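Per-entry structural report
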Amino acid sequence: VQLQASGGGLVRPEGSLRLSCVASGVISVNAMNWYRQTPGKQRELVATITRRGSTNYADSVKGRFTISRDNAKDTVYLQMNSLKPEDTAVYYCNTDAYSRLTLSWGNYWGPGTLVTVSS
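First, a word on what this report is: a plain description of the structure on this page. Since the model is a prediction, treat every value here as computed from it, not as a measurement.

How each quantity is defined
- Residues numbered from 1 in each chain as written.
- Predicted model: local features only at pLDDT ≥ 70, side-chain atom pairs only at ≥ 80, totals over all residues.
- Heavy atoms only, no water.
- Salt bridge = Lys/Arg side-chain N within 4 Å of Asp/Glu carboxyl O.
- Buried < 20%, exposed > 50% of the residue type's maximum accessible area, 1.4 Å probe, protein only.
- Helix = DSSP H or I, 4+ residues; strand = E, 2+ residues; numbered from the N terminus.
- Pairing = 2+ DSSP bridges.
- Axes fitted to C-alpha atoms, helices over the stretch in contact; angles between N-to-C directions.
- Polar contact = N/O pair within 3.5 Å; in protein donor to acceptor, adjacent residues only side chain to side chain.
- Contact = heavy atoms within 4.5 Å.
- Core = buried A, V, L, I, M, F, W, Y, C linked by side-chain atoms within 4.5 Å.

1. Some words on the pattern of salt bridges
All told, the structure shown has 4 salt bridges when counted by the stated rule. In this structure, Asp 59 and Lys 62 form a salt bridge, with 3.1 Å as the shortest nitrogen-oxygen distance. Judged by relative accessible area, which is 48%, Lys 62 ranks as partly exposed. The shortest N-O distance in the salt bridge between Asp 87 and Arg 64 comes to 2.7 Å. You can see Asp 87 sitting in the loop between strand 8 (75–80) and strand 9 (89–99) and its partner Arg 64 sitting in the loop between strand 6 (55–57) and strand 7 (65–70), a full 23 residues away along the chain. Summarising the burial analysis for this pair, Asp 87 and Arg 64 share the class buried. Here the residues in one salt-bridge network are Arg 36, Glu 44, Arg 64 and Asp 87, joined through shared partners.

2. Concerning the sheet that holds strand 7
Here 4 strands make up an open sheet; going across it, the order is 1-3-8-7 and the pairing antiparallel. Edge positions in the sheet fall to strand 1 (2–6) and strand 7, since each of these pairs with one other strand and no more. Across the sheet, the mean angle separating the axes of adjacent strands is 15° when strand polarity is ignored. Bridge count between strand 3 (residues 17–24) and strand 8: 6 bridges; the pairing is antiparallel. Following the sheet pairing, Leu 17 is matched in strand 8 by Met 80.

3. A short note on the side chain of Thr 48
Of note, Thr 48 is situated in strand 5 (residues 44–49). Since its relative accessible area comes to 18%, Thr 48 is described here as buried. A polar contact of 2.3 Å, which involves the side chain of Thr 48, links it to the side chain of Asn 33. If we skip the residues at most four places from it in the chain, Thr 48 touches Ala 31, Met 32, Asn 33, Ser 54, Thr 55, Asn 56 and Ile 67.

4. Remarks on the nonpolar core
Judged by nonpolar contacts, the single largest core of 29 residues is most densely connected at Trp 34, Val 46, Phe 65, Leu 78, Met 80 and Tyr 91. Where this core is concerned, the elements lending two or more residues are strand 1, strand 3, strand 4 (26–37), strand 5, strand 7, strand 8, strand 9 and strand 11 (113–117).

Here's what the structure looks like:
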């Protein structure tokens, strides 16, 4: 199983970015999550979406970030609006997936994509 995230970059405060993460080598994917981490801090759960589309957000991003998914494409998105400098972090996608190779469930992480919010 591989998770590949894209869409990170440099954006000004109050700007927007859309992150994408595609899972490959899977037969089925359960909840899909976005985490973020800054140097010296623990990895933080930003948003999660179940296979049926139920969502949950960290208080710090509620009303600004929207998580969505396309089950046909095994892809999760994170639309980030009204970005703040404190949103600067490496963003990681994470999921529980049924591997096409091992024929078993596992928890998988993508390599991360850097989001920098700065003027």
